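The lines below spell out each chain.
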Amino acid sequence: MRYYLIAGEASGDLHASRLMRALRRCDAEAEFRFFGGDLMAGEGGTLVKHYRELAYMGFVPVLMHLPTILRNMKRCKEDIAAWQPDVVVLVDYPGFNLDIAKFVHASGICPVYYYISPKIWAWKEYRIRRIKRDIDELFSILPFEVDFFEKKHHFPIHYVGNPTASEVREYLSRYEVRGTRCENSSSADSSLLPRTSHLAPRDKPFIALLAGSRRQEIKDNLPAMIEATSHLADRYQVVLAGAPSIEPSYYEPFIKGTHVQLVMNETYQLLSEATAALVTSGTATLETCMFRVPQVVCYYTPLKHFIGMMRRMVLKVRYVSLVNLIADREVVTELVAETFSIGNIRRELEAVLPGGYRRQQMLTDYEEIHHRLGESDAPERAAELMIKLLS
């Protein structure tokens, strides 16, 4: 069968690539064409447009790049119509993908499947009308979405497990971690790192910084993260995980002359060895939980007091991190809008470092998250269901 996939950012590229691999295992005749990234390209098929040309965040960047966005959307629609796939598989990225779904549905080209459903339970719940109209099958990766879609909106979905949990389990099964994280010692064995790692040999435990996957997120969050960890440089090595969609040169002005080391394409290796982490909200919060690394969630917003008020009025959920949303209670501290400050970040980070009063309880609570997500291999389950439905 012919599969047309659309992923608009780095996390979507990762999840879509794993889905493509699973589809090929289930369908030896699978052909792929896609908007996506390097990981998807590595699975074979034709990359039509890279997500780097799609991923604009915020009102002003979107407005500035609107002609480019509209050209990409037009190109995508024309390409789907010309290729005539058996199914279009959308991966998150609802601003772009729901418009594509409308076109494909109206054209009657093929069914539209949505893998990693839009987070309309957080905001823009009105999009449920478009989902009901234009999406043939919805594949969810968060357990609480079942009640939201099926009980509240009477729209049946498929919960397939969580791909982030699957990816971390796969990583840990392939790479044996020889030893344990440094809890109280100021030294560690550098043999804990695989030979392919670019992390410098260390004599201190790690604090990981995960500052987001978009330029604006990095610009807003990274300086405060660096400042909040400056007083710990004598005891900890602070390591910044570079996002795959961002070139290393973008980070240089932020980290030049600081105590921070940058590593690219080694987020999982860093998390497998980190003692604690500062994380911008998103998939990274769940990844950090899956590696059982205590964390503080930091997300700066301009006009933070106004945004804090609007968040309480507009958002439909109490939390912004996937960890807390899955637990339906506060497991990790969220410093968002008016609570975002260097002082608060510093205080909460110290609380999750070894000896901190929140560390052990957070590690205990993480086990609940692991249990709720289950052991299902999300890409395999989704691929099997897609092929069954298409057949």
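Residues numbered from 1 in each chain as written. Predicted model: local features only at pLDDT ≥ 70, side-chain atom pairs only at ≥ 80, totals over all residues. Heavy atoms only, no water.

Asker: I'd like a rundown of the overall build of the chain, residues and numbers included.
Answerer: A tally of helices and strands in the chain yields 17 helices and 13 strands. Across the chain, the fraction of contacts at a sequence separation of at least 24, relative to all contacts at a separation of at least 6, is 65%. Accessible surface for the chain amounts to roughly 17200 Å². Of this, 53% is attributable to carbon and sulfur atoms. (Helix = DSSP H or I, 4+ residues; strand = E, 2+ residues; numbered from the N terminus. Contact = heavy atoms within 4.5 Å. Areas by Shrake-Rupley, 256 points an atom, 1.4 Å probe, with all protein chains shown as cover.)

Asker: Give a detailed account of helix α15 (residues 342-352), specifying residues and quantitative values.
Answerer: All buried positions along α15 are accounted for by Asn 344, Ile 345, Glu 348, Leu 349, Ala 351 and Val 352. End-on, the buried residues of α15 take up no more than an arc of 155°, which puts them together on one face. (Buried < 20%, exposed > 50% of the residue type's maximum accessible area, 1.4 Å probe, protein only. Arc of directions from axis to C-beta.)

Asker: Explain the packing of aromatic side chains to me, and be specific about the residues and the numbers.
Answerer: Any two aromatic rings considered together are summarised by their centre-to-centre distance and by the angle between their planes. Inspection of the entire model under this criterion finds 13 aromatic pairs. Centre to centre, the rings of Tyr 171 and Phe 291 are 5.9 Å apart; their planes meet at 70°, and the pair counts as edge-to-face. Of this pair, Tyr 171 sits in helix α8 (residues 163-174) while Phe 291 sits in the loop between α12 (283-290) and β12 (295-299), placing them 120 residues apart in sequence. Its guanidinium or amino end placed over the ring of Tyr 250, Arg 215 lies 4.8 Å from that ring's centre, counting from NZ or CZ. (Phe/Tyr/Trp six-rings, centres within 6.5 Å; stacked < 30°, edge-to-face > 60°. Lys NZ or Arg CZ within 6 Å of the ring centre and 35° of its normal.)

Asker: Before we move on, can you summarise the sheet that holds strand β4 (residues 87-91) with the specific residues and values?
Answerer: Strand order across the open sheet formed by seven strands is β3-β2-β1-β4-β5-β6-β7, with parallel pairing between neighbours. Of all strands in the sheet, those with a lone pairing partner are β3 (46-50) and β7 (158-159), marking the two edges. Bridge count for β4 against strand β5 (residues 112-115) is four bridges, and the pairing is parallel. Paired with Val 89 across the bridge in β5 is Tyr 113. Against the sheet, helix α17 (residues 378-390) engages β1 (2-7), β4, β5, β6 (137-140) and β7, with an angle of about 170° to β5. (Pairing = 2+ DSSP bridges. Axes fitted to C-alpha atoms, helices over the stretch in contact; angles between N-to-C directions.)

Asker: Which residues make up the pairing of strand β9 (residues 237-242), and what values go with them?
Answerer: Of all six residues that make up β9, six are buried, and the element is covered over most of its length. The alternating pattern of β9 places Gln 237, Val 239 and Ala 241 and Val 238, Leu 240 and Gly 242 on opposite faces, both of which are buried. Pairing geometry for strand β8 (residues 206-210) and β9, over four bridges, is parallel. In the strand pairing of β9, Ile 207 is matched with Val 238. Traced from β8 through helix α9 (residues 215-229) to β9, the parallel crossover comes out right-handed. (Right-handed = clockwise from strand over helix to strand, strands pointing away.)

Asker: Hey, could you go over the environment of Ala 276 for me, with residue numbers and the actual values?
Answerer: For Ala 276, the location among the structural elements is in strand β11 (residues 274-279). As a C-alpha pair, Ala 276 and Thr 288 span 12 residues in sequence and 9.0 Å in three-dimensional space. The contacts of Ala 276, once residues within four sequence positions are left out, are Phe 206, Ile 207, Ala 208, Val 293, Pro 294, Leu 349, Val 352 and Leu 353.

Asker: With reference to specific residues and values, describe the confidence of the model for the chain.
Answerer: With 86% of its residues at a pLDDT of 70 or more, the chain shows a mean pLDDT of 87. Segment residues 184-196 is flagged for pLDDT under 50; beyond a separation of four residues in sequence, or across chains, it makes 26 contacts in the model. Considering only residues more than four positions removed or in separate chains, one finds that residues 304-314, a stretch of pLDDT under 50, has 17 contacts. (pLDDT = per-residue confidence, 0-100.)

Asker: How would you sum up unusual backbone geometry? Please name residues and give values.
Answerer: You will see that Tyr 93, though not glycine, has its phi angle at about 50°, which is positive. Looking at the element boundaries, Tyr 93 is found in the loop between β4 and α5 (94-107). Although it is not a glycine, Asn 265 adopts a positive phi angle of roughly 60°. Inspection of the secondary structure puts Asn 265 in the loop between β10 (260-264) and α11 (267-273). Residue classification places Asn 265 among the exposed positions, given a relative accessible area of 62%.

Asker: Could you give an account of the pattern of salt bridges, with specific residues and numbers?
Answerer: Applying the stated rule across the entire model yields 24 salt bridges. Across the pair Glu 31 and Arg 2 runs a salt bridge, and its minimum N-O distance is 3.6 Å. In this pair, Glu 31 sits in strand β2 (residues 31-36) while Arg 2 sits in strand β1, placing the two residues 29 residues apart along the sequence. Residue class for Arg 2 comes out partly exposed when judged on its relative accessible area of 25%. A single salt-bridge network, built from bridges that share partners, covers Arg 18, Arg 21, Glu 43, Glu 170 and Arg 174. (Salt bridge = Lys/Arg side-chain N within 4 Å of Asp/Glu carboxyl O.)

Asker: Outline the packing of α9 against helix α10 (residues 248-255), supporting the account with residue identities and numerical values.
Answerer: In contact at an axis separation of 10 Å, α9 and α10 are set at 35° when each is read in the N-to-C sense. The handedness of the crossing between α9 and α10 is right-handed. Contact with α9, carried on its side by Arg 215, Ile 218, Lys 219, Leu 222, Pro 223 and Ile 226, involves Tyr 250, Tyr 251, Phe 254 and Ile 255 of α10 and no other residues of that element. Partitioning the contact of α9 with α10 into residue classes produces eight nonpolar, no polar and two charged. (Left-handed = near helix turned anticlockwise from the far one by under 90°. Nonpolar A, V, L, I, M, F, W, Y, C, P; charged D, E, K, R; others polar.)

Asker: Outline the nonpolar core, supporting the account with residue identities and numerical values.
Answerer: Burial of nonpolar side chains together is a common tendency in soluble globular proteins. With 125 residues, the main nonpolar core has Leu 5, Ile 6 and Tyr 115 as its most contacted residues. If sequence neighbours within four positions are ignored, Leu 5 has contacts with Ala 16, Leu 19, Met 20, Phe 32, Arg 33, Phe 34, Phe 35, Met 40 and Val 89. (Core = buried A, V, L, I, M, F, W, Y, C linked by side-chain atoms within 4.5 Å.)

Asker: Residue-level account of the side chain of Ser 17, with values.
Answerer: In this structure, Ser 17 sits in helix α1 (residues 10-26). A polar atom in the side chain of Ser 17 sits 2.7 Å from the backbone oxygen of Leu 14. Residue contacts for Ser 17: discarding those within four places in its chain leaves Leu 39, Met 40 and Glu 43. (Polar contact = N/O pair within 3.5 Å; in protein donor to acceptor, adjacent residues only side chain to side chain.)

Asker: So, the environment of Phe 103: which residues are in play, and what are the values?
Answerer: As for its placement among the helices and strands, Phe 103 is situated in helix α5. On the basis of relative accessibility, which here comes to 23%, the residue Phe 103 falls in the partly exposed class. Separated by 22 residues in the primary sequence, Phe 103 and Ala 81 place their C-alpha atoms 9.7 Å from one another. Apart from residues lying up to four places away in sequence, Phe 103 is in contact with Lys 77, Ala 81 and Ile 109.

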